[in-house]
Structures are given as structure tokens and as C-alpha cells.
Amino acid sequence: MDRDDPAYKGQAGYSPRLLAAYDRVVIGFLGWFLWRTPMEPLMAGYRRHIRDGHLDVGPGTGWFIERSGLPDGSKVTLVDPNPNVLRHASRKLKRLDVTAVEADVLKPLPVEGPFDSAALNLVIHCLPGPMSRKAVAIKNIAAVLAPGGTLFG
């Protein structure tokens, strides 16, 4: 991602070092202590909605996908502007058929749909600008979602 792009700041800090501690620190501690957000309702969304042929925008470490119950070999496409995130999550999800795509969700997605499920989980706060600008992310995901597909997160 171009460092001059307004979206750069929201993803720039996801270094290999941060990603190594992310599950413990962000999902484990900060989610509960700072944000007061229990992870179980988010996890329940994955268990309920994820399907083979899934698109995950901003997958983080792949923690939610890993625990979703998706069968081995299921197709999952990961989209993130940060190559560190894509490498880390792809390694963690190696039991799945993973395609990693470096892209910005605020631009039309360079992926082949349609997808039966898509997640935009814990991402909106990382996107730059007001909610009217962030809404473009939902439009871009909807453009590659199958009729009857589910966007969650």
C-alpha cells in the first residue's frame, strides 16, 4: 500500500512482532479490559455464518477463522492491505485452501467472487475518515458476495 494513501495509517502498525502477540494482547486482554468487548459473540457470528467460499477482509491473525469450525480444505480468501497480516494468517490457516490478496477494502476488490460468506470483523475503526467514507467498504464487499450470501462482523 502506498504510504501516502489515507488508509495506510490504519494498518501500518501490524508488524510481524505485533502479530506474534496479537491474539494474547488484543483479543485476549484489550478486547475484554479496554474495549469491554467479549469475543464470544464475535466468535458465534463466525460459527453461524462462515461457509466454504469465504471472504475475510482484515483477517488479523486468522484467530476467528481458525476457531470457526470451517472444515479442512475449505476455500477462504483473505484481503488486507498489509502483507505481514496476509503472511501470518495464511500460515496459521494452512489447513484451509487460502488465497491471500493485498488490497484496500475502500477500493473495488480485485477478487473473483461470488463468496457465500464475508466477514468485516474489527476493521471499521481502522479505516480512515467518517462513516460515510467507511460505508464504501460494505459496498465493495457486497459487490463480490453471492446472492443470498452473508456479510457479518
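As shown above, the structure is provided for reference.
The rules behind each value
- Residues numbered from 1 in each chain as written.
- Predicted model: local features only at pLDDT ≥ 70, side-chain atom pairs only at ≥ 80, totals over all residues.
- Heavy atoms only, no water.
- Core = buried A, V, L, I, M, F, W, Y, C linked by side-chain atoms within 4.5 Å.
- Buried < 20%, exposed > 50% of the residue type's maximum accessible area, 1.4 Å probe, protein only.
- Helix = DSSP H or I, 4+ residues; strand = E, 2+ residues; numbered from the N terminus.
- Contact = heavy atoms within 4.5 Å.
- Salt bridge = Lys/Arg side-chain N within 4 Å of Asp/Glu carboxyl O.

A.B. asks: Explain the nonpolar core to me, and be specific about the residues and the numbers.
C.D. replies: Formed by 18 residues in total, the largest nonpolar core has its most connected members in Leu55, Val57, Val79, Val105, Leu109, Val111 and Ile141. When contributions to this core are tallied by element, the ones reaching two or more residues are strand S1 (54-57), strand S4 (115-120) and helix H6 (131-142). For this core, the leading source of residues is S4, giving three residues. Setting aside its immediate chain neighbours within four residues, Leu55 contacts Thr77, Val79, Leu109, Phe115, Ser117, Ala118, Ala119, Ile141 and Val144. If you look at the next biggest cluster of nonpolar residues, it comprises 16 residues, including Tyr46, Phe64, Ala89 and Leu96.

A.B. asks: How would you explain the environment of Ala103 if you had to name every residue and give the values?
C.D. replies: Relative to the helices and strands, Ala103 resides in the loop between strand S3 (97-102) and S4. Ala103 gets classed as buried once you look at its relative accessible area, which sits at 9%. In this structure, the C-alpha to C-alpha distance between Ala103 and Val57, residues 46 residues apart in sequence, is 9.2 Å. In this structure, Ala103 is in contact with Val79, Asp80, Pro81 and Pro110, ignoring residues within four places of it in sequence.

A.B. asks: So what's going on with the pattern of salt bridges? Residues and values would help.
C.D. replies: Oppositely charged side chains may form a pair once their charged atoms are brought near each other. Evaluated as defined, the whole model comprises five salt bridges. Shared partners join several salt bridges into a network, and the residues in it are Glu66, Arg67 and Lys92.

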